[in-house]
Amino acid sequence: MMKGLQRLLLALLVLVAATAQSQDAKMKVFVDALMKKMTLEEKIGQLNLLTPGGGILTGAVVSQDVDTKIRNGQVGGLFGVIGMEKIKTVQTIAVTQTRLKIPLLFGSDVIHGYKTTFPIPLGLASSWDIPLIQSTAAAAANEASADGLNWAFSPMVDIARDPRWGRVAEGAGEDPYLGSQVSKAMVRGYQGNDLSKNNTLMACVKHFALYGAAEAGRDYNTTDMSLVKMYNEYLPPYKAAVDAGTGSVMSSFNEINGVPATGNKWLLTDLLRKQWGFKGFVVSDYTSLNEMMDHGMGDLQNCSALALNAGLDMDMVGEGFLTTIKKSLAEGKVTLKTIDDACRRILEAKYKLGLFEDPFRYCNEERMKSEVMNAEVRKFTREAARHTFVLLKNDNQLLPLKKTGTIALIGPLADSRENMLGTWAVSGDSKYAVTVLEGFKNMLSGRAEIIYAKGANISDDSALAAHVNVFGPRIDIDKRSPEEMIDEAVAAANKAQVVVLVAGEASEMSGEAASRTDLSLPASQKRLIAALQKTGKPIVMVLMSGRPQVIEAESKTVPAIIEVWHPGTEAGNAVADVIFGDYNPSGKLTMTFPRNMGQIPIYYAAKSTGRPNDGDNFGKFKSNYLDAPNSPLYPFGYGLSYTKFSYSDLRLSGNTMKAAETITATVTVSNTGNYDGEETVQLYIRDLVGTIGRPLKELKGFQKVFLKKGESKEISFVINNELLKFYNASLKYDSEPGKFQVFIGTNSSETKRGEFELVK
Ligand code: NOJ
């Protein structure tokens with residue numbers, strides 16, 4: 001029986017491989033024939049990606065004379081053209097008014113949904129629900145492709161351990177294992193199993209590489225990192241995307257160990273293509289090629305030649321390739337073969353997307369009408385959002401609230417439509433977003449009274465507001481004085497049994513070019529909290545933010561806190577679902593919440609020093625601070641539920657293991673609280689002895705388990721040699737013999753522990 005099955009599987013694999021081979025062969029014949037007809041200028045034209053403006057710009061420059069350039073065969077693709085009709089018009093120019101009629105790629109930043117906006121990626125990751133995350137990417141692809149697009153500038157998989165960096169909102173957080181699962185799922189979600197289907201998009205994994213490790217959390221800043229750290233901690237999510245078949249990769253703005261990523265041959269060729277076998281194309285980030293001049297790499301011609309020779313195929317917006325590569329060829333600085341290789345990769349992407357067969361494949365009016373912002377996807381985004389909220393504190397079971405009585409809904413984010421979608425919702429329209437006030441009304445109408453008061457501005461700092469409000473008002477400074485607003489809020493609180501305070505960051509206080517040096521709540525909001533506390537009413541703080549916040553003070557005084565990130569189109573309804581108990585929160589942090597700014601960067605998978613501290617007990621000549629403990633406020637993996645889960649009885653199936661063997665670690669998880677609920681059971685491993693120092697703990701697995709009130713389940717993880725491997729000082733990927741600790745628990749700090757030995 002087994003043998004028969006195996007044979008069938010093998011036959012299937014051979015068939016799949018043979019079909020892929022024959023498709024590749026067909027593609028080669030097609031592209032060869034096309035390239036034979038192309039002039040040098042037309043080849044260089046394919047390497048040019050422009051934006052005519054209209055979408056949200058993320059650089060200082062907008063492309064000029066785009067339609068003339070298209071007609072001249074000087075453009076390979078566009079982004080920032082939004083709307084099926086517009087895309088159809090432009091594609092028509094490309095396929096009717098150019099010499100070779102080569103269709104264009106149409107890309108966009110489809111980051112967390114398209115018009116229907118899902119929670120920000122950091123929120124989605126907090127669900128730890130990989131199938132759900134994949135489905136959000138698939139839904140985004142379905143919607144965006146129905147509106148003419150064929151290429152998503154996503155997933156963003158940069159490991160981020162410094163919340164000062166605003167772009168932590170766009171990724172999955174601090175952990176390479178979880179980050180890799182999310183990365184794969186997103187690529188699969190966007191691309192499906194066939195790029196040429198009209199409901200899929202080509203993915204573009206970004207920002208390659210190490211963009212999240214920018215010094216001081218300042219955007220675009222330098223990264224300098226050992227290879228061992230790169231390979232073990234930062235590169236895995238990019239590699240996972242490549243292994244999952246991402247069609248394209250975007251180079252990052254930063255330099256890596258001295259050389260800008262966009263012109264870094266080691267990165268784009270040796271690592272990406274030679275070691276990892278990447279077959280798609282590499283696009284620069286917005287003018288990142290031109291920015292190599294500021295990095296000190298010479299003039300535009302020099303930078304363009306460096307980038308092309310390094311392995312960059314497509315130049316976003318800056319036109320360095322378009323304006324200098326021909327000259328560099330004449331001067332022998334680049335070869336025709338290098339230009340041909342890059343051109344071939346762009347044409348292959350178009351071929352795989354089915355654009356040569358039908359350039360209007362993604363321009364179908366019926367699909368646009370039925371798929372864009374339909375009721376089903378809105379329903380799904382509400383469902384997804386509920387899974388992303390992380391309950392940080394819930395003293396005396398204050399939450400969930402009853403749907404009766406009088407509730408004071410207060411705060412600058414409680415009725416702020418423009419802040420619900422979060423950063424990088426370029427195609428989302430906030431006018432369709434549901435505010436928390438609306439969500440509460442939808443939930444409570446006829447049952448409970450809601451008294452709303454804004455209470456405070458997100459910030460009273462008009463200079464900050466001016467920096468944040470580039471895409472429209474996000475920090476809306478009220479005409480009333482702060483005192484008037486606080487008085488109104490206090491009056492509301494006095495009339496209510498409970499206060500729900502919606503506080504935190506405006507959507508554009510995170511995202512690109514939104515680094516911050518102080519992540520505590522703005523003074524305006526702190527004053528509001530202090531005034532509300534004086535009323536003696538219980539306070540639930542709904543925290544909206546694009547990154548971890550520094551809320552140690554609030555964590556001591558506010559009885560219930562729930563982090564909801566920026567939840568997307570259905571924000572208010574999803575928040576109401578959770579606050580009033582229709583859904584029991586199950587999210588877990590994927591980035592550590594520090595106690596204060598001085599602890600940053602802080603992450604759970606740190607190394608031991610030679611003078612490890614003793615918990616939070618201060619010790620002279622130990623690795624600790626005089627003025628704060630080492631432990632974070634809320635650790636990686638942390639998140640409460642309305643019910644309570646207890647862990648008991650961790651057992652391992654053996655205490656020694658050979659490389660070819662496995663050990664099973666089993667724990668009993670019980671729901672001992674008063675609600676049904678879902679728990680994310682987390683497995684961490686520590687390698688106690690190695691040729692290089694290994695982290696104190698590394699996530700190596702997790703399982704989501706739904707337990708009815710009173711129910712218990714045994715949860716098992718199989719530990720094999722693969723899980724124990726790492727890159728050693730010679731970048732050899734292998735496990736090393738010795739003792740390992742196994743931790744299973746509800747977050748990275750609260751775990752049960754076991755131990756085994758790997759014998760080799
Ligand atoms: C710059 C950003 O870094 C990148 O993530 C984005 O895809 C491009 N701009 C295009 O908008």
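Residues numbered from 1 in each chain as written. Predicted model: local features only at pLDDT ≥ 70, side-chain atom pairs only at ≥ 80, totals over all residues. Heavy atoms only, no water.

## As for the overall build of the protein chain
Then step 1. Across its full length, the protein chain carries 21 helices and 26 strands.
Then step 2. Expected size for 760 residues packed as a compact globule is a radius of gyration near 27 Å; at 27 Å, the protein chain falls within 12% of this value.
Then step 3. Seen through its principal axes, the protein chain has C-alpha atoms that stretch 80 × 70 × 60 Å.
Then step 4. Scored against the burial criterion, the 760 residues of the protein chain give a buried share of 60%.
Then step 5. Restricting to contacts in the protein chain with at least 6 residues of sequence separation, those with at least 24 account for 78%.
Then step 6. Here the protein chain has roughly 28,900 Å² of accessible surface; of this, 52% comes from carbon and sulfur atoms.
Then step 7. Side-chain charges of the protein chain comprise 85 positive and 84 negative groups, with the mean position of each set lying 4 Å from the other. (Helix = DSSP H or I, 4+ residues; strand = E, 2+ residues; numbered from the N terminus. Rg over C-alpha atoms; globule rule 2.2 N^0.38 Å. Buried < 20%, exposed > 50% of the residue type's maximum accessible area, 1.4 Å probe, protein only. Contact = heavy atoms within 4.5 Å. Areas by Shrake-Rupley, 256 points an atom, 1.4 Å probe, with all protein chains shown as cover. Lys, Arg positive; Asp, Glu negative; His and termini not counted. Charge placed at Lys NZ, Arg CZ, Asp CG, Glu CD.)

## A look at the environment of S252
Then step 1. By secondary structure assignment, the location of S252 is in the loop between strand 6 (248-251) and strand 7 (255-256).
Then step 2. S252 gets classed as buried once you look at its relative accessible area, which sits at 1%.
Then step 3. Sequence separation between S252 and K206 is 46 residues; the distance between their C-alpha atoms is 7.0 Å.
Then step 4. When near neighbours in sequence (up to four residues on either side) are disregarded, S252 contacts H207, F208, A209, Y211, A261, T262 and S288.
Then step 5. Among the polar contacts made by the side chain of S252, one reaches the main-chain amide nitrogen of A209 at a distance of 3.0 Å.
Then step 6. At 2.8 Å, the side chain of S252 and the side chain of N254 are in polar contact. (Polar contact = N/O pair within 3.5 Å; in protein donor to acceptor, adjacent residues only side chain to side chain.)

## Some details on unusual backbone geometry
Then step 1. For the bond running from K206 to H207, omega is -5°, close enough to zero to count as cis.
Then step 2. Structurally, H207 is set in strand 5 (residues 204-208).
Then step 3. With omega at 0°, the peptide bond leading from L399 into P400 counts as cis.
Then step 4. When you line up the elements, P400 lands in the loop between strand 11 (390-394) and strand 12 (405-410).
Then step 5. Of note, T287 is a non-glycine position whose phi angle comes to about 55°, a positive value.
Then step 6. Assignment of secondary structure puts T287 in the loop between strand 9 (281-283) and helix 11 (300-310).

## Things to note about the domain arrangement of the protein chain
Then step 1. Taken as a whole, the protein chain is organised into domain 1 (45-105 + 260-265 + 282-373), domain 2 (385-589) and domain 3 (645-759).
Then step 2. Inter-centroid distance (C-alpha atoms) of domain 1 to domain 2 is 41 Å. (Domains from an automatic or database assignment.)

## Observations regarding the pattern of salt bridges
Then step 1. Evaluation of the coordinates by the stated rule reveals 50 salt bridges.
Then step 2. Notably, a salt bridge pairs R527 with D460, separated by 2.8 Å at the nearest N-O pair. In this pair, R527 is assigned in helix 19 (residues 523-534) and D460 in the loop between strand 13 (448-453) and helix 17 (462-468), connecting sequence segments 67 residues apart.
Then step 3. In this structure R527 comes out as partly exposed when scored by relative accessible area, which is 40%.
Then step 4. Since its relative accessible area comes to 30%, D460 is described here as partly exposed.
Then step 5. Between K760 and D734 there is a salt bridge, with its nearest N and O atoms 3.3 Å apart. Taken as a pair, K760 in the segment after strand 26 (751-759) and D734 in strand 24 (residues 733-734) lie far apart in primary sequence, 26 residues in all.
Then step 6. Among the charged side chains, a network of salt bridges with common partners joins R382, E383, R386 and D577. (Salt bridge = Lys/Arg side-chain N within 4 Å of Asp/Glu carboxyl O.)

## Details of the packing of helix 6 (residues 130-146) against helix 7 (residues 176-191)
Then step 1. Viewed as axis vectors pointing N to C, helix 6 and helix 7 meet at an angle of 35°, and their least axial separation amounts to 7 Å. For the pair helix 6 and helix 7, the crossing hand works out as right-handed. Side by side, helix 6 and helix 7 meet where I130, I133, Q134, A137, A138, A140 and A141 of the first sit next to Q181, V182, A185, M186, R188, G189 and Y190 of the second.
Then step 2. Classifying every residue of the contact of helix 6 with helix 7 gives ten nonpolar, three polar and one charged. (Axes fitted to C-alpha atoms, helices over the stretch in contact; angles between N-to-C directions. Left-handed = near helix turned anticlockwise from the far one by under 90°. Nonpolar A, V, L, I, M, F, W, Y, C, P; charged D, E, K, R; others polar.)

## Let's talk about helix 13 (residues 336-352)
Then step 1. If you check helix 13, its first and last C-alpha atoms are 24 Å apart, about what 17 residues at 1.5 Å a residue would give, namely 24 Å.
Then step 2. Residues of helix 13 that are buried include every one of I339, D340, A342, C343, R345, I346, L347, E348, A349 and K350, and no others.
Then step 3. Among the residues trailing helix 13, G354 stands out with phi positive, at a value near 80°. (Expected span 1.5 Å × (residues − 1).)

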